[in-house]
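Single-letter residue listing:
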Amino acid sequence: MAAKPAVLFVCLGNICRSPLAEAAFRREAARIGIDAEIDSAGTGHWHAGEAPDRRAQAVARRYGIDIAGYRARQIRQEDFHRFSHIVAVDHQNLAALNAMKPRDGKAELSLLLDHAAGYKGQEIADPYYGGDDGFDVTWAEVTLAAEGLARRFAEQM
Ligand code: 4NP
C-alpha cells in the first residue's frame, strides 16, 4: 500500500458502536503490526464532546481496553479527504455518508460487517436503547469485522 491507511469508524452518536469498533481495530492493528491512523465519529451531533456510553466503556474494560478518554465528535467534510477508509456500522449511516461525501473526497466508504466473512450486507444493531447484553453482541461483531479489516490491510502491505 502506498500511503499509511487512515480509518474512520462511523455510527450515529459516536458513543456506542463506533468507539467500540475503533477500540477493537486499534488493538488488532497493533497486534498484527499495522501502522494506521484510527478514529471514530458520529453522523449525529447530539453527543459531541461526551465520553462513550458507560455500557460501552464497561464491555471494552472487560476485554482489557480503556476507552474512557475517547470523546464523541460529529463527522466533517474534511474527514473525506483525511481518511482513506470510512467504515459505517449500518445502512442508515452509510447512506448519510454517501449523501455528504464531497465529489473530490478520496475516502473509500464501506459497511463494517462487509469485512467479516459470512456477514456481508449485515448491520451492527444499535445497542443504545437495549440492555447491557446488547453491548456484548456489539463487541463480538465489531471484533470480527476489525480482524477482517486489519487482515485486508496486512495483505496489502
Ligand atoms: P451509537 O448509538 O450510534 O452506536 O453511538 C446511539 C447513541 C445515541 C443515540 C442513538 C444511537 N441517540 O439517539 O441519542
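Quick summary incoming for the structure in this document. All values derive from a computational prediction rather than experimental measurement.

Calculation notes
Residues numbered from 1 in each chain as written. Predicted model: local features only at pLDDT ≥ 70, side-chain atom pairs only at ≥ 80, totals over all residues. Heavy atoms only, no water. Helix = DSSP H or I, 4+ residues; strand = E, 2+ residues; numbered from the N terminus. Rg over C-alpha atoms; globule rule 2.2 N^0.38 Å. Buried < 20%, exposed > 50% of the residue type's maximum accessible area, 1.4 Å probe, protein only. Contact = heavy atoms within 4.5 Å. Near = heavy atom within 4 Å. Polar contact = N/O pair within 3.5 Å; in protein donor to acceptor, adjacent residues only side chain to side chain. 1 Å grid on protein atoms, 1.4 Å probe; cavity = no way out; pocket = protein on both sides within 12 Å on 5 of 7 lines; lining within 4 Å. Sits in = over half its atoms within 2 Å of the grid points. Axes fitted to C-alpha atoms, helices over the stretch in contact; angles between N-to-C directions. Parallel < 35°, antiparallel > 145°, perpendicular 65-115°, else oblique. Left-handed = near helix turned anticlockwise from the far one by under 90°. Nonpolar A, V, L, I, M, F, W, Y, C, P; charged D, E, K, R; others polar. Core = buried A, V, L, I, M, F, W, Y, C linked by side-chain atoms within 4.5 Å. Pairing = 2+ DSSP bridges. Arc of directions from axis to C-beta.

### Regarding the overall build of the chain
Logical step 1: Helix and strand content of the chain: five helices and four strands.
Logical step 2: Its C-alpha atoms give the chain a radius of gyration of 14 Å, near enough to 15 Å, the size a compact globule of 157 residues would have.
Logical step 3: With the C-alpha coordinates aligned to their principal axes, the bounding extent of the chain is approximately 40 × 35 × 30 Å.
Logical step 4: Sorting the 157 residues of the chain into buried and exposed places 52% on the buried side.
Logical step 5: Within the chain, residue pairs in contact and separated by at least 24 positions form 70% of the contacts whose partners lie at least 6 positions apart.

### Focus on the site of the ligand
Logical step 1: Surrounding the ligand, one finds Cys11, Leu12, Gly13, Asn14, Ile15, Cys16, Arg17, His47, Asp126, Tyr128 and Tyr129.
Logical step 2: Within the contact set of the ligand, an oxygen atom lies 2.9 Å away from a backbone nitrogen or oxygen of leucine 12.
Logical step 3: At 3.3 Å from an oxygen atom of the ligand is found a side-chain nitrogen or oxygen belonging to aspartate 126.
Logical step 4: For the ligand, the cavity whose grid points lie within 2 Å of the majority of its atoms is the largest pocket.

### Overview of the packing of helix α1 (residues 17-32) against helix α5 (residues 133-156)
Logical step 1: Where α1 contacts α5, the two axes come as close as 8 Å, and the packing angle between them is 40 degrees. In terms of orientation, α1 and α5 fall into the oblique class. In the crossing of α1 with α5, the sense of the turn from one axis to the other is right-handed. Between α1 and α5, the residues in contact are Arg17, Leu20, Ala21, Ala23, Ala24, Phe25, Arg27, Glu28 and Ile32 and Phe135, Thr138, Trp139, Val142, Thr143, Ala146, Glu147, Leu149, Ala150, Arg151, Phe153 and Ala154, respectively.
Logical step 2: Class assignment of the residues belonging to the contact of α1 with α5 gives a composition of 14 nonpolar, two polar and five charged.

### Details of the nonpolar core
Logical step 1: Within the largest apolar cluster, 35 residues are counted, with the highest numbers of intra-cluster contacts made by Phe9, Leu20, Phe25, Ile67, Leu112, Trp139 and Val142.
Logical step 2: Breaking this core down by element, the ones donating at least two residues are β1 (6-11), α1, α2 (54-62) and α5.
Logical step 3: Ranked by residues supplied to this core, first place goes to α5 with eight residues.
Logical step 4: Apart from the residues within four sequence positions on either side, phenylalanine 25 is in contact with Val7, Phe9, Ile38, Ala146, Leu149, Ala150 and Phe153.
Logical step 5: Counting residues in each nonpolar core, the second largest holds 14 residues, with Ala6, Ile75, Phe83 and Ala88 among its members.

### Topic: the sheet that holds strand β4 (residues 108-111)
Logical step 1: Here we have four strands laid out as an open sheet, ordered β2-β1-β3-β4, and parallel in their pairing. Because the sheet does not close on itself, it has two edges, and the strands there are β2 (37-42) and β4. If you compare each strand with its neighbour and ignore which way they point, the axes differ by 20 degrees on average.
Logical step 2: Bridge analysis of strand β3 (residues 85-88) against β4 gives four bridges, and the strand direction is parallel. In the sheet register, valine 87 faces β4, and the bridge partner there is serine 110.

### As for helix α4 (residues 91-100)
Logical step 1: Residues of α4 that are buried include every one of Asn93, Leu94 and Leu97, and no others. Take α4 and look down its axis: the buried residues cluster within an arc of 105 degrees, on one side only. In α4, the exposed residues that point more than 90 degrees away from the buried face are Gln92 and Ala99.
Logical step 2: The elements touched by buried residues of α4 are β1, α1, α3 (79-82), β3 and β4.

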